[in-house]
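The chain contents come next:
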Amino acid sequence: MEITTKSATETAQFGQKLAIALTQWGSGERARVIGLSGELGSGKTTLVGGIAQGLGITDRILSPTFIIVRQYECSGDFPKIFYHMDLYQLDPNGGNTEFGIDEILTDPLALVCIEWIERFPQLSEYVDISIALTQQSESVHTISVNSRSTQSIILEV
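Here the structure is a predicted model, which means the values were calculated and not measured.

Colleague: Before we go on, may I ask you to explain the sheet that holds strand 7 (residues 141–147) in this structure?
Modeller: Think of a sheet as strands paired side by side through backbone hydrogen bonds, with each pair either parallel or antiparallel. If you trace the 7 strands from one edge of the open sheet to the other, you get 1-7-6-2-5-4-3, paired in mixed fashion. Looking at strand neighbours, the two that pair on one side only are strand 1 (2–5) and strand 3 (69–73), the edges of this open sheet. Averaged over all adjacent pairs, the angle separating strand axes in this sheet is 20°, with direction ignored. Note: strand 4 (residues 81–86) against strand 5 (residues 110–115), 6 bridges, orientation parallel. Residue pairing for strand 5: Asp86 is matched across the bridge by Glu115. Here helix 2 (residues 44–54) sits on the sheet and contacts strand 2 (32–37), strand 4, strand 5 and strand 6 (127–133); the angle it forms with strand 5, its principal contact strand, is near 165°.

Colleague: How do you make sense of the environment of Val145 when you look at a structure like this?
Modeller: Checked against the element boundaries, Val145 lands in strand 7. With a relative accessible area of 7%, Val145 lands in the buried category. Sequence separation between Val145 and Gly35 is 110 residues, and the spatial gap between their C-alpha atoms is 9.7 Å.

Colleague: Would you take a moment to explain the nonpolar core for this structure?
Modeller: General note: in soluble globular proteins, nonpolar side chains tend to be found buried as a group. In this structure, Ile34, Ile51, Phe82, Leu111 and Ile129 are the most contacted members of the largest nonpolar core, which totals 25 residues. Every element with two or more residues in this core is listed here: helix 1 (8–25), strand 2, helix 2, strand 5, strand 6 and strand 7. Ranked by residues supplied to this core, first place goes to helix 1 with 5 residues. In contact with Leu111, other than residues within four places in its own chain, are Leu22, Trp25, Arg32, Ile34, Ile51, Leu55, Phe78, Pro79, Ile81, Phe82 and Tyr83.

Colleague: Is there a simple way to explain the side chain of Ser42 in this structure?
Modeller: With respect to the secondary-structure elements, Ser42 resides in the loop between strand 2 and helix 2. Setting aside residues no more than four positions away along its own chain, Ser42 makes contact with Ile131, Leu133 and His141.

Colleague: Hey, could you run me through the pairing of strand 6 in this one?
Modeller: In the case of a regular strand, side chains alternate between the two sheet surfaces. Bridge count between strand 2 and strand 6: 4 bridges; the pairing is parallel. Residue pairing for strand 6: Ile34 is matched across the bridge by Val127. Sheet topology note: the strand 6/strand 7 ladder contains 7 bridges and is antiparallel. Opposite Ile131, over in strand 7, you have Ile143 as the bridge partner.

Colleague: Help me out: how do you make sense of the pairing of strand 2 in this one?
Modeller: Judged by how many residues are buried, strand 2 sits mostly within the fold: 6 of 6 residues are covered. What you see with strand 2 is no split at all: Arg32, Ile34 and Leu36 on one side and Val33, Gly35 and Ser37 on the other are buried throughout. Bridge count for strand 2 against strand 5 is 5 bridges, and the pairing is parallel. Paired with Leu36 across the bridge in strand 5 is Glu115.

Colleague: Hey, could you run me through the environment of Lys17 in this one?
Modeller: With respect to the element layout, Lys17 can be found in helix 1. Each C-alpha atom, one on Lys17 and one on Gln53, is 9.7 Å from the other, the two residues being 36 residues apart in sequence.

Colleague: Just checking my understanding: could you explain the packing of aromatic side chains for this structure?
Modeller: Two aromatic rings are characterised by how far apart their centres lie and by the angle between their planes. Counted by the stated rule, this structure contains 2 aromatic pairs. Ring centres 6.1 Å apart and planes at 40° place the aromatic pair Tyr72 and Phe82 in the tilted group. Residue Tyr72 is found in strand 3, and its partner Phe82 is found in strand 4; the two are separated by 10 residues along the sequence. A single burial state applies to Tyr72 and to Phe82, both of which are buried.

Rules used in this analysis
Residues numbered from 1 in each chain as written. Predicted model: local features only at pLDDT ≥ 70, side-chain atom pairs only at ≥ 80, totals over all residues. Heavy atoms only, no water. Pairing = 2+ DSSP bridges. Helix = DSSP H or I, 4+ residues; strand = E, 2+ residues; numbered from the N terminus. Axes fitted to C-alpha atoms, helices over the stretch in contact; angles between N-to-C directions. Contact = heavy atoms within 4.5 Å. Buried < 20%, exposed > 50% of the residue type's maximum accessible area, 1.4 Å probe, protein only. Core = buried A, V, L, I, M, F, W, Y, C linked by side-chain atoms within 4.5 Å. Phe/Tyr/Trp six-rings, centres within 6.5 Å; stacked < 30°, edge-to-face > 60°.

Structural measurements only, silent on function.
Below is the structure:
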């Protein structure tokens, strides 16, 4: 699936719609993971903020670039916990799991959004979201969503 958004507001609104689909995804044996990739400033954190809003999280979503992980409580059946990770500061060749990602990924009631997913090559099952700025304008984004999971989510956006 590929969509184009023309502003940060539209990107966040897409995230809110995506959150509704993600709550229907339900829990499994492990955490459900959304992997985000794209250049600096492409809108990854804006999209994650929209997902958080769609999950009913009222906290302001800030990029966890320097602390790696932020955790938020959710009130629905799934997810119970929402994690926002930013792996930009990690070794681009992977191998950095000392901050507890393995433990987080074992929680079947967790939804995890990971910015810079390409820095965690050990992970093979996730919904892959790539965001690209168009050459037309810095406010126009192309968002591609592909499942790298054995359990696909159905997006009606």
